[in-house]
Amino acid sequence: MKLDSKIPEGPLETKWQNHKANIRLVNPANKRNIDVIVVGTGLAGSSAAASLAEMGYNVKAFCFQDSPRRAHSIAAQGGINAAKNYQNDGDSVYRLFYDTIKGGDYRSREANVYRLAEVSANIIDQAVAQGVPFAREYGGTLDNRSFGGVQVSRTFYAKGQTGQQLLLGAYSALSRQISKGKVKMYNRHEMLDVVLVDGKARGIIARNLVTGEIQRHGAHAVVIASGGYGNVFFLSTNAMGSNGSAAWKAHKKGALFANPCFTQIHPTCIPVSGDHQSKLTLMSESLRNDGRIWVPKDRKDAEAIRAGKLKPTDLPEEKRDYYLERRYPSFGNLVPRDVASRAAKERCDEGYGVNQTGEAVYLDFAAAIERYGKTEANVKGIDNPSAAKIKELGTAVVEAKYGNLFAMYEKIVDDNPYETPMMIYPAVHYTMGGIWVDYNLMTTVPGMFALGEANFSDHGANRLGASALMQGLADGYFVIPYTIGEYLADEIRTGAIDTNHAAFEEAEKEVRGTIDKLMNAKGDSSVDHYHKRLGNIMWNKCGMARNAQGLQEAIKEIRELREEFWQNVRIPGGANEMNPELDKAMRVADFMELGELMCKDALEREESCGGHFREEFQTEEGEALRRDEDYAFVSSWKYTGDAGNAELVKEELVFENVELKTRSYK
Amino acid sequence: MDLKLKIWRQANQNTKGELKDYAIKNVSADSSFLEMMDQLNEELITKGEEPVVFDHDCREGICGMCSLHINGEPHGPQNATTTCQLHMRKFKDGDTIYIEPWRSRAFPVIKDLSVDRNAFDRIIEAGGYVSVNTSGNTLDANAMPVPKADADEAFNSATCIGCGACVAACPNASAMLFVSAKVSQLSLLPQGKVEAKDRVLNMVNQMDLEGFGNCSNVGACAEECPKEISLENIARMNREYLGASLASSK
Ligand SMILES: Cc1cc2nc3c(=O)[nH]c(=O)nc-3n(C[C@H](O)[C@H](O)[C@H](O)COP(=O)(O)OP(=O)(O)OC[C@H]3O[C@@H](n4cnc5c(N)ncnc54)[C@H](O)[C@@H]3O)c2cc1C
Ligand code: SF4
Ligand code: FES
């Protein structure tokens, strides 16, 4: 099999404009006869569904929550990037493109990333027009902040709730189309399979999560915008329901799955507190703008802190190791996520961790509070302010910037982060891997598209902060509405899709078979029991650091666990009613296969790049060792009936505009 | 800690529900309220009983999916906190905790503690948006400066998570706080002003159609709101509504 990424000819700067100008159009009368299914209503799905409906297509949208407004995108905190150069700090489309390629450790496609940077500015305009209340300066213009891995301020934000505000904007656009009857919304519905007729995506099988009813839905194209699969690790910053099933089902029906092992471990999350833990909470990366990360210089001090005999605030400056500032003087606390996470793990593995489990480092705001306090005192014309006054003024500034995050921290940890440093540790956060798509965002199955975190494009081996929101909305508002026409132009004579076709029959039968099998296992252990065990294997052997032996073991263990799961899982209740245990079981069953493919992919990629760190491939200083001659390609996996026997198809990455360099943040 | 739980169990919308007693042991003070519920469900599953159904997703206090009346209070005892962010350290060993669903005609129970809040979606569909298509040619975002105070105020209103606690808290089951938060956000911004009159009329009309009660200025909504949406929103909406009604009756 050969992959055709369909990258348009011509110079990087004009590819998208030229392509857009030449994409075939579907005239308005024909659009009325074309149905599109959108699975997912996060930023990518809502924006796509709304835009496609505005253009005249008939859209059916699906989400498993009780409302489209609750998609996991709502939880994004820090912000969204855009090359607006409002700060006049030298930002440009090219710089955003370059930062993204470099940040992704040279494992993404130039043309896609350039387009992303190009449309980024439109996203901000669109969101503001919808009434998204971004943070503003006193002059009334939009404010920006900076994020890890870059040296300009291009991140737009709405306090620590940027995802919420952007999603509510997209949700309002979607609601407007629902009210016009152009979108039919299916809340509390889960897609369980894609249906292919003559090799083309022609619909889905869905389950009504309230009644258990199995439904067939036909359409001329199916757009998967179902988010990422970080929950394969059980513990992650994703919402509880986030899952990989829609993407996995698409994969099993023929869509190649790209770079599954590229997962992002976010450096600033609240550490695990005990066995009861059901999820992990992110403390936005924006905090690294003002927080300084450290552990004690001396192991003995770390031990004393762990034993509760020493307080971090009692440790003098000279006894603290600001290890990011030490190792990476030019980027300091703002190194990209993968680098920051590994550095934290390295210190904790060496015995410098600062909480009871030994897996936590400090994120300290004392210096920022003092700095802001002094500035405020100056602004207010206070001469010789007392230390207490400075602290008071500085605390107010920090509160205005991060108040909601600090409050969230205090609720969870029961510690006041204005008084004592926060404790943080890396956690699974985002998946760069996903369904392989071409430049038009079409998968290897004709008529099936993938958007947002569900696809693999744009972020390579590591995503920069504030770029997922940008990508989701770029895909949904500004790419798919055009590129889908290229495919649908050939569908104007197809007519309504017949859901009585044998292919629907068969897909439905298969779904019912899976449900019966799960319900009838009647074993001893809960779904969560298996999910936690899977998560443990993944975190220990396919997490922040990986090696061949561990990955081989993981594959074996996952296969055994999967076997046991199908024999021994226990799902109470019935299949024809609301049954969250059954919903979870279906998702975990897919994670059990996807997890194996992730390990296989990690094993095959004998280099370290971005979020993928293979212990065998590192420099003497412990930095990642990329191997461009052998691995500058996208690993795309073809399903062959068993996740373990997937076939590797390579998409070679061609870099015509940037020079491949060792990523250095020193 | 060890706790006694009294939990509302209801098989579906058409059956009558009742409070059932459960006992749970060894709950960590550091676990969240929903993690305590997970622990209970794990025990129920092991015993071969049906776990308790409740809604939740983000567990970060932002998606608005979680609900629960805890000891008679929507989202429980802690101020400005959703159920998913409430931690067990707020309870004491030996406590008895009552756990019930939102109670409102407009929010029918689906199963156990899960209710149907789609009425909120329909209110937004009635006008909770700015009518602007996606084109790529919209006005530059900085072309229209917005005073910081207005932007901040609009943001505060926009932080509503659509959880429905305001309705659950209100003796009249009024949805005024929820509706007014959206009306306020959009009417405070120049982008939303153009349609402000129709918006408020249509949204209020839909609110009434959904069977939410009238507002009699009790203020329980704002007290229980996990996002501290203020009563000023209601006052603003009332002004907007009055202005719009006068204009439309002219
Ligand atoms: C805590 C947190 C903070 C973040 N902060 C930032 C940030 O500051 N900046 C940034 O750029 N990025 C951030 N991210 C990443 C970003 O939020 C996500 O990558 C992005 O929102 C994903 O959007 P999406 O539309 O692809 O998917 P999602 O928002 O995850 O939406 C998925 C949708 O698919 C639906 N769905 C899934 N499976 C099915 C199925 N089988 N059937 C039917 N429907 C289904 C769901 O109901 C949902 O509607 C953050 C992520 C987390 C976890
Ligand atoms: S106003 Fe408050 S209580 Fe009501 S829905 Fe919004 S966040 Fe929930
Ligand atoms: S689960 Fe999302 S707000 Fe509580």
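Residues numbered from 1 in each chain as written. Chains lettered and ligands numbered in written order. Predicted model: local features only at pLDDT ≥ 70, side-chain atom pairs only at ≥ 80, totals over all residues. Heavy atoms only, no water.

1. So, the pattern of salt bridges
The full count for this structure, using the stated rule, is 71 salt bridges over all chains. Its salt-bridge partner being R236 of chain B, residue E153 of chain B comes within 3.4 Å of it at the nearest N-O pair. Taken together, the residues E153 of chain B in helix α3 (residues 148-158) and R236 of chain B in helix α9 (residues 232-249) connect sequence positions 83 residues apart. Linked through salt bridges whose partners overlap, the residues forming this network are D105, R107, R605, E607, R626 and D628 of chain A. (Salt bridge = Lys/Arg side-chain N within 4 Å of Asp/Glu carboxyl O. Helix = DSSP H or I, 4+ residues; strand = E, 2+ residues; numbered from the N terminus.)

2. Here's the deal with the packing of aromatic side chains
Residue and element names in this part refer to chain A. Tallying each qualifying case throughout the model produces 28 aromatic pairs over all chains. Taking 5.9 Å as the distance between ring centres and 80 degrees as the angle between the ring planes, the aromatic pair formed by Y86 and F156 counts as edge-to-face. Of this pair, Y86 sits in the loop between β3 (80-81) and α4 (93-103) while F156 sits in strand β4 (residues 155-156), and the two are 70 residues apart along the sequence. Among the aromatic residues, those joined into a cluster by ring pairs are Y94, F97, Y98 and Y114. In this structure, R115 is placed above the aromatic ring of Y439, and the distance from its NZ or CZ to the ring centre is 4.1 Å. Here R587 stacks its cationic end above the ring of F64, 4.6 Å away from the centre of that ring. (Phe/Tyr/Trp six-rings, centres within 6.5 Å; stacked < 30°, edge-to-face > 60°. Lys NZ or Arg CZ within 6 Å of the ring centre and 35° of its normal.)

3. Notes on the site of ligand 2
Residues and elements named next belong to chain B. Around ligand 2 sit 13 residues, and of these C160, C163, G164, C166 and C225 come closest. Looking at the shell around ligand 2, the elements that each hand over two or more residues are α4 (165-169) and α5 (176-188). Considered class by class, the residues forming the shell around ligand 2 number 11 nonpolar, 2 polar and no charged. (Near = heavy atom within 4 Å. Nonpolar A, V, L, I, M, F, W, Y, C, P; charged D, E, K, R; others polar.)

4. Let's talk about helix α1 (residues 33-46) of chain B
Taking 1.5 Å per residue, 14 residues should reach 20 Å; α1 of chain B reaches 20 Å between its end C-alpha atoms and fits that length. When we look at burial in α1 of chain B, the residues that qualify are F33, L34, E35, M36, M37, L40, N41, L44 and I45 of chain B. Looking at the buried positions of α1 of chain B, the neighbouring elements they touch are α17 (580-604) of chain A together with β1 (3-9), β2 (18-24), β3 (69-70) and β5 (96-100) of chain B. Downstream of α1 of chain B by one or two residues, G48 of chain B has phi in the positive range, about 85 degrees. (Expected span 1.5 Å × (residues − 1). Buried < 20%, exposed > 50% of the residue type's maximum accessible area, 1.4 Å probe, protein only. Contact = heavy atoms within 4.5 Å.)

5. Examining the interface of chain B and chain A
Residue-level contacts link 71 residues of chain B with 77 residues of chain A. Around 6100 Å² of area is buried between chain B and chain A when both sides are counted, 51% of it from carbon and sulfur atoms. Inspection of the region where chain B meets chain A yields 6 salt bridges. A salt bridge links E60 of chain B to K279 of chain A, with the shortest nitrogen-to-oxygen separation between them at 2.9 Å. Remark: the boundary between chain B and chain A carries 42 residue pairs in polar contact (both at pLDDT 80 or more). Among the residues forming the side of chain B that touches chain A, the class breakdown is 29 nonpolar, 24 polar and 18 charged. (Buried area = accessible area lost by both parts, 1.4 Å probe. Polar contact = N/O pair within 3.5 Å; in protein donor to acceptor, adjacent residues only side chain to side chain.)

6. Considering helix α15 (residues 527-541) of chain A
Taking 1.5 Å of rise per residue, the 15 residues of α15 of chain A would be expected to cover 21 Å, and the 21 Å separating its terminal C-alpha atoms lies within 8% of that figure. Among all positions in α15 of chain A, only V527, D528, Y530, H531, L534, G535, I537, M538 and K541 of chain A are buried. Along its buried surface, α15 of chain A packs onto α16 (548-568) and α17 of chain A together with α1 of chain B.

7. Digging into the pairing of strand β7 (residues 200-208) of chain A
Residue and element names in this part refer to chain A. Burial of β7 is extensive: 8 of the 9 residues sit out of reach of the surface. Where strand β6 (residues 189-197) meets β7, 8 bridges bridge the pair, whose relative direction is antiparallel. Paired with V194 across the strands is I204, a residue of β7. Adjacent in sequence and paired antiparallel, β6 and β7 are bridged by 2 residues, among which D198 carries a positive phi angle near 50 degrees. Looking at chain direction, β7 and strand β8 (residues 214-218) are connected through 5 bridges and run antiparallel. Paired with G203 across the two strands is G218, which belongs to β8. Linking two consecutive strands that pair antiparallel, namely β7 and β8, is a turn of 5 residues; a positive phi of about 85 degrees is found at G212 within it. (Pairing = 2+ DSSP bridges.)

8. A few points about the site of ligand 1
Within the structure, ligand 1 sits among 39 residues, and Q65, S73, M191, E453 and L469 of chain A are positioned closest to it. At ligand 1, the nearby residues belong to more than one chain, namely chains A and B. Backbone polar atom of F64 of chain A to an oxygen atom of ligand 1: 3.1 Å apart, as the coordinates give it. M191 of chain A is positioned such that a nitrogen or oxygen atom in its backbone is 2.8 Å from a nitrogen atom of ligand 1. Contact with the protein chains hides 98% of the accessible area of ligand 1, taken as 1000 Å² for the molecule alone. (Areas by Shrake-Rupley, 256 points an atom, 1.4 Å probe, with all protein chains shown as cover.)

9. Focus on the nonpolar core
Residues I80, F134 and I484 of chain A together with F212 of chain B are the most contacted members of the largest nonpolar core, which totals 243 residues. If one sorts the elements of this core by residue count, α17 of chain A sits on top with 12 residues. Residues lining this core come from more than one domain, with at least three contributed by each of domain 1 (3-111) and domain 2 (117-248) of chain B. Excluding anything up to four places from it in sequence, I484 of chain A contacts V36, L52, Y57, A221, V223 and F449 of chain A. Grouped together as the second largest cluster of nonpolar side chains are 26 residues, L44, V52, L86 and M88 of chain B included. (Core = buried A, V, L, I, M, F, W, Y, C linked by side-chain atoms within 4.5 Å. Domains from an automatic or database assignment.)

10. Structural notes on the domain arrangement of chain B
Residue and element names in this part refer to chain B. The domain boundaries assigned to chain B delineate domain 1 (3-111) and domain 2 (117-248). Of note, the centres of domain 1 and domain 2, computed from C-alpha atoms alone, are 29 Å apart. Counting from both sides, the interface comprises 22 residues of domain 1 and, opposite them, 21 residues of domain 2. Around 1500 Å² of area is buried between domain 1 and domain 2 when both sides are counted, 58% of it from carbon and sulfur atoms. Linking domain 1 with domain 2 are 1 salt bridge. Of the charged contacts, one joins D55 and R117 as a salt bridge, the two residues approaching to 4.0 Å between their closest N and O atoms. Counting across the domain 1 and domain 2 interface gives 5 residue pairs in polar contact (both at pLDDT 80 or more). For the side of domain 1 that touches domain 2, a count of residues per class yields 9 nonpolar, 10 polar and 3 charged.

11. Section: the sheet that holds strand β2 (residues 58-62) of chain A
Residue and element names in this part refer to chain A. The strand order across the open sheet formed by 5 strands is β5-β2-β1-β9-β17, and the pairing between neighbours is parallel. Edge positions in the sheet fall to β5 (183-186) and β17 (448-450), since each of these pairs with one other strand and no more. In this sheet, adjacent strand axes meet at a mean angle of 20 degrees when their direction is disregarded. Sheet topology places strand β1 (residues 35-39) next to β2; 5 bridges connect them, and they run parallel. Each bridged residue has a counterpart across the sheet, and for V36 the counterpart in β2 is V59. (Axes fitted to C-alpha atoms, helices over the stretch in contact; angles between N-to-C directions.)

12. Some words on the sheet that holds β3 of chain B
Residue and element names in this part refer to chain B. Read across the open sheet, the 5 strands follow the order β2-β1-β5-β3-β4; overall the sheet is mixed. Bordering the open sheet on either side are β2 and β4 (73-74), each of which pairs with just one other strand. Pairing geometry for β3 and β5, over 2 bridges, is antiparallel. Directly across from H69, in β5, lies its bridge partner E100. Its contacts with the sheet put α1 on β1, β2, β3 and β5, and the angle it makes with β2 is roughly 90 degrees.

13. Quick word on the pairing of strand β18 (residues 633-638) of chain A
All names here are of chain A. Of all the 6 residues making up β18, 5 are buried; the element is thus mostly covered by neighbouring parts of the structure. One ladder, built from 2 bridges, connects strand β10 (residues 257-258) with β18; its direction is antiparallel. From the neighbouring strand, A258 faces β18, where its bridge partner is S636. The sheet contact formed by β18 and strand β19 (residues 647-652) spans 6 bridges and is antiparallel. Counterpart to F633 in the pairing with β19 is E652.

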